[in-house]
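Residue-level listing of the chains:
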Amino acid sequence: VTTSAPFTGEPLAALPPSGVDDVEHAFAAARAAQPDWAALPVRERARVFLRLHDLLLDRQDEVLDLVQRESGKARRHAFEEVADVALNARHYARVAPGALAPARRAGLAPLLSSGHELRHPKGVVGIVSPWNYPLTLAVSDAIPAFLAGNAVVHKPDTQTALTALWIRALAVEAGLPEQLWQIVLGEGPVVGTAVVDRADFVCFTGSTAVGREVAQRAAARLVGVSLELGGKNPLLVLADADVERAAEAAVRDCFSAAGQLCVSIERMYVEDAVHDEFVGRFLDRVRRLRLSPALGYSADVGCLLSPRQLDRVRAHVEDAVARGATVLAGGRPRPDIGPLFYQPTVL
């Protein structure tokens, strides 16, 4: 499978797709490695992720370039992922010894009986992650899974698989056993389904429609799931709001990663008392956003991921205008910047 660079449309990487047999082998290798890892003291497992924290910050420029090339996002939005993963690694490494420690509980008959709460790993956790946050979603669910003594079989989106492979290699460099984190590539209906059908616990991030299917398949085996699905998120600006801060937050929350994230603000409700002032400040900020394919911090917004995403955005805007909406900012592709750039748009 050949992926392309969103900034330019040029070929980026040729990656070998996995089949169901490859998924089977990945689970076998992960299951073989998991007991020895689970037998290590929690503090020893935690030291791996404290080292990962340091390595990631030391080598962040490598992965920032990679995230930008694979996803098309601006560097400032790629850095959000570096910060997120570093914070997750440090946080879970610090709290894991206490969170996983045995806890004594009162028994049915006080003084005569007591109970102990013990935490055991699930075994092999299956993770299916999308393209929009290739670093964060590759490893943020995996970190607590590893610290709890589990192995992981992970299917990232093929378009952003290089980022997942990079952070896996960095984790191995930090001391994670190589067989403990298996990565398989391929189409979701084939490879993703094979992961879900073999995992002892499933973490899925993606659409609500696919999330329902994942939940049903896991439920049939009485396997637990963690689902992060799509949203339709409003921003509410009330009369007592700090209008300047609200406008600043709205720009960030609407256009981070070119709006391609599940928590992106898609509509705003503004009280009459501050409506005109808020809209004026918001539009002024939106119109000054800088679009660029630069591998640096000069850009405010990057591009969309694929021609399919561009067509979807264009169709939404055209449909809204046809139904009576007014374009207040943006509303047009910017092929002069790159094939998948579209102006930040307010209707």
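Read on for an overview of the structure. (Residues numbered from 1 in each chain as written. Predicted model: local features only at pLDDT ≥ 70, side-chain atom pairs only at ≥ 80, totals over all residues. Heavy atoms only, no water.)

## Considering the packing of helix α10 (residues 243-255) against helix α11 (residues 272-287)
Then step 1. The interhelical angle for the contact between α10 and α11, taken along N-to-C directions, is 50°, at an axis separation of 9 Å. In terms of orientation, α10 and α11 fall into the oblique class. As α10 packs across α11, the resulting crossing turns out to be right-handed. Where α10 approaches α11, its residues Val243, Glu244, Ala246, Ala247, Glu248, Ala250, Val251, Cys254 and Phe255 are matched on the opposing element by Val274, Glu277, Phe278, Arg281, Phe282, Arg285 and Val286.
Then step 2. Residues that form the contact of α10 with α11 fall into these classes: 11 nonpolar, no polar and five charged. (Axes fitted to C-alpha atoms, helices over the stretch in contact; angles between N-to-C directions. Helix = DSSP H or I, 4+ residues; strand = E, 2+ residues; numbered from the N terminus. Parallel < 35°, antiparallel > 145°, perpendicular 65-115°, else oblique. Left-handed = near helix turned anticlockwise from the far one by under 90°. Contact = heavy atoms within 4.5 Å. Nonpolar A, V, L, I, M, F, W, Y, C, P; charged D, E, K, R; others polar.)

## A few points about the pairing of strand β9 (residues 224-228)
Then step 1. As paired strands, strand β8 (residues 201-205) and β9 are joined by five bridges and run parallel to one another. Pairing of cysteine 203 across the sheet is with serine 226, part of β9.
Then step 2. For the segment spanning β8, helix α9 (residues 208-220) and β9, crossover handedness is right-handed. (Pairing = 2+ DSSP bridges. Right-handed = clockwise from strand over helix to strand, strands pointing away.)

## Observations concerning the sheet that holds β8
Strands in a sheet are paired, the pairing made by backbone hydrogen bonds, and the direction either parallel or antiparallel.
Then step 1. Strand order in this open sheet of five strands is β7-β6-β5-β8-β9, and the pairing throughout is parallel. Each of the sheet's edge strands pairs with one partner strand only, and the pair in question is β7 (181-183) and β9. The sheet shows a mean angle of 15° between the axes of neighbouring strands, taken without regard to direction.
Then step 2. Inspection of the sheet shows strand β5 (residues 124-129) paired to strand β6 (residues 151-156) by six bridges, in the parallel sense. Bridging across to β6, glycine 126 finds its partner in valine 153.
Then step 3. Here helix α1 (residues 20-39) sits on the sheet in contact with β5, β6 and β7, set at roughly 150° to β6.
Then step 4. Sitting on the sheet, helix α7 (residues 161-174) is in contact with β6 and β7, with an inclination near 160° to β7.

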